[in-house]
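Fold and contact review
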Amino acid sequence: MTKITQPHDRFLKALLSDPDKTGTLLRERLPKEVAELLSSEPPVLVDGTFIDGEFREHLTDRLFKVKTQEGKAAYIYALIEHKSCADEWVAFQLLRYMVRIWERFLKEGQQKLPPIVPLVVYHGAREWTVPNQFSALLEADKGLLHHLLDFSFAVTDLGRIEDDDLSQDTHLRAALMAMKYAFHSADGVVVIPQIGKGTQGDPEFAKLVLRYLIQTYRGMTMADVQAYAEEAFPGEAEHYASQFAREMMSKGRQEGRQEGRQEGESSLLLRQLHRRFGEVPSWAELKVANATIDELETWGEQIFDAETLEAVFK
């Protein structure tokens with residue numbers, strides 16, 4: 001399945017479809033020594049997906065071809081991670097995707113492998129604490145490490161960046177701000193007018209951001225929609241607020257049915273985990289609390305074969 005079902009994924013995929021915004025994101029968030037090598041030309045999206053089938057509904061994979069200042073091509077693989085829990089195995093996932101990308105180039109007859117610089121954009125509720133080195137996953141003496149495979153990846157933890165520093169690009173800053181507060185809805189409602197103001201001048205982009213806010217901000221009200229519309233659509237606020245009011249009513253009905261089922265699945269899985277492995281640690285409770293119904297069902301099936309609690313979530 002290739003259909004993206006999560007609003008965060010859909011939003012990011014739409015955001016990264018704009019070459020200028022993607023170029024800005026890469027130049028601002030890749031390591032300085034890498035960003036300084038990149039040309040100002042917009043990156044080119046490389047067709048194809050490199051994510052395993054079971055992950056495609058939860059992740060957005062994007063590979064961009066970016067020219068360097070000298071005119072050579074560098075390939076930047078940007079993995080967008082939206083979960084509220086930092087993934088300790090993200091380096092291993094990145095390695096698998098990088099190998100698949102390189103295999104593709106070898107099949108095309110390339111004599112040398114292109115450089116790939118991974119970027120993880122994270123907007124979970126808690127601070128990202130996972131090491132950004134592949135070697136952190138290896139159990140080996142320090143003396144062996146320089147003989148073993150290793151690479152680093154850049155991490156942009158939106159929650160730890162001041163709003164004004166998210167991006168120099170006004171539209172990109174508004175989009176990243178919307179993502180930043182997606183898991184902090186109480187704080188996010190306060191900045192909704194500021195997000196709306198950042199989308200001025202591009203009605204289609206403003207509608208994209210507003211739809212994302214409605215889909216992800218639990219505490220959002222019609223007054224918040226009106227406040228956003230007044231900033232994003234000067235002179236047309238009433239028209240757009242009315243249009244999105246209907247979407248909010250539909251969303252409310254759907255969420256009521258969804259939340260009831262999700263609460264039941266979460267409660268059942270926690271009881272199964274406790275019975276199988278004993279006391280459930282807080283990190284596992286958090287994963288369950290923020291999981292989709294598909295994830296809960298998958299973990300519920302894996303619990304019967306998993307030998308450890310960690311294996312349930314692999």
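- By the naming in an unreviewed UniProt entry, the protein goes by Transposase and is assigned to Magnetococcus marinus.

**Quick notes on the overall build of the protein**
- For the protein, the helix and strand inventory stands at 13 helices and five strands.
- Counting the 314 residues in the protein, one finds 46% classified as buried.
- Across the protein, every contact between residues at least 6 apart in sequence was considered, and the portion connecting residues at least 24 apart equals 65%.
- With the model as given, the accessible surface of the protein reaches about 16,600 Å², and the carbon-plus-sulfur share is 50%.

**Here we look at helix H2 (residues 19-29)**
- For H2, the set of buried residues is Lys-21, Thr-22, Gly-23, Thr-24, Leu-25, Leu-26 and Arg-29.
- The N-cap of H2, judged by a side-chain oxygen 2.9 Å from the amide nitrogen of Asp-20 a few residues on, is Asp-18.

**Examining the packing of aromatic side chains**
- In total, this model carries seven aromatic pairs according to the counting rule given.
- Consider the rings of Phe-11 and Tyr-212, whose centres lie 4.2 Å apart with planes at 10 degrees: the pair is stacked. Here the residue Phe-11 occupies a position in helix H1 (residues 7-15), and Tyr-212 occupies one in helix H8 (residues 203-216), the gap between them amounting to 201 residues. Of the two residues, Phe-11 and Tyr-212, neither departs from the other in class, the shared state being buried.
- Their ring planes at 70 degrees and their centres at 5.0 Å tell us that Tyr-122 and Trp-128 sit as a pair that is edge-to-face.
- Joined through ring pairs, the aromatic side chains of Tyr-228, Phe-233 and Tyr-240 make up one cluster.
- Positioned above the aromatic ring of Phe-205, the side-chain terminus of Lys-21 is 4.7 Å from the ring centre.

**Some details on the pattern of salt bridges**
- Per the stated rule, a full pass over the model turns up six salt bridges.
- Residues Lys-21 and Asp-18 are paired through a salt bridge, measuring 3.0 Å at the closest nitrogen-oxygen approach.
- The partly exposed category is assigned to Asp-18, whose relative accessible area is 24%.
- Here Glu-108 and Arg-104 are joined by a salt bridge, their closest N and O atoms 3.6 Å apart.

**As for helix H4 (residues 90-107)**
- Between the first and last C-alpha of H4 there are 26 Å, a value that for 18 residues agrees with the 26 Å anticipated at 1.5 Å per step.
- Among the residues making up H4, those that are buried are Val-90, Ala-91, Gln-93, Leu-94, Leu-95, Tyr-97, Met-98, Ile-101 and Phe-105.
- Of the residues one or two after H4, Gly-109 is the one with positive phi, at around 90 degrees.

**Brief notes about the nonpolar core**
- Counting 49 residues, the largest nonpolar core has Ile-195, Tyr-217 and Tyr-228 as the members making the most contacts within it.
- Two domains each provide a minimum of three residues to this core, namely domain 1 (7-160) and domain 2 (240-312).
- The contacts of Ile-195, once residues within four sequence positions are left out, are Ala-174, Met-177, Ala-178, Val-209, Leu-213, Tyr-217 and Tyr-228.
- Membership of the second largest hydrophobic core comes to 20 residues, among which are Val-90, Tyr-97, Trp-128 and Val-130.

**Thoughts on the side chain of Gln-226**
- Within the element layout of this structure, Gln-226 appears in helix H9 (residues 222-232).
- On the accessibility criterion, Gln-226 (18% relative accessible area) is buried.
- At 3.2 Å, the side chain of Gln-226 and the side chain of Glu-238 are in polar contact.
- When residues no more than four places from it in sequence are discounted, the contact partners of Gln-226 are Ala-237, Glu-238 and Ala-241.

**A look at the packing of H2 against helix H6 (residues 170-180)**
- Orientation of H2 relative to H6, taken along the N-to-C sense of each, is 75 degrees, at an axis distance of 10 Å. Taken together, the axes of H2 and H6 lie roughly perpendicular to each other. Side by side, H2 and H6 meet where Lys-21, Thr-24, Leu-25 and Glu-28 of the first sit next to His-171, Leu-172 and Leu-176 of the second.
- The class makeup of the residues in the contact of H2 with H6 is three nonpolar, two polar and two charged.

Rules behind the numbers
- Residues numbered from 1 in each chain as written.
- Predicted model: local features only at pLDDT ≥ 70, side-chain atom pairs only at ≥ 80, totals over all residues.
- Heavy atoms only, no water.
- Helix = DSSP H or I, 4+ residues; strand = E, 2+ residues; numbered from the N terminus.
- Buried < 20%, exposed > 50% of the residue type's maximum accessible area, 1.4 Å probe, protein only.
- Contact = heavy atoms within 4.5 Å.
- Areas by Shrake-Rupley, 256 points an atom, 1.4 Å probe, with all protein chains shown as cover.
- Polar contact = N/O pair within 3.5 Å; in protein donor to acceptor, adjacent residues only side chain to side chain.
- Phe/Tyr/Trp six-rings, centres within 6.5 Å; stacked < 30°, edge-to-face > 60°.
- Lys NZ or Arg CZ within 6 Å of the ring centre and 35° of its normal.
- Salt bridge = Lys/Arg side-chain N within 4 Å of Asp/Glu carboxyl O.
- Expected span 1.5 Å × (residues − 1).
- Core = buried A, V, L, I, M, F, W, Y, C linked by side-chain atoms within 4.5 Å.
- Domains from an automatic or database assignment.
- Axes fitted to C-alpha atoms, helices over the stretch in contact; angles between N-to-C directions.
- Parallel < 35°, antiparallel > 145°, perpendicular 65-115°, else oblique.
- Nonpolar A, V, L, I, M, F, W, Y, C, P; charged D, E, K, R; others polar.

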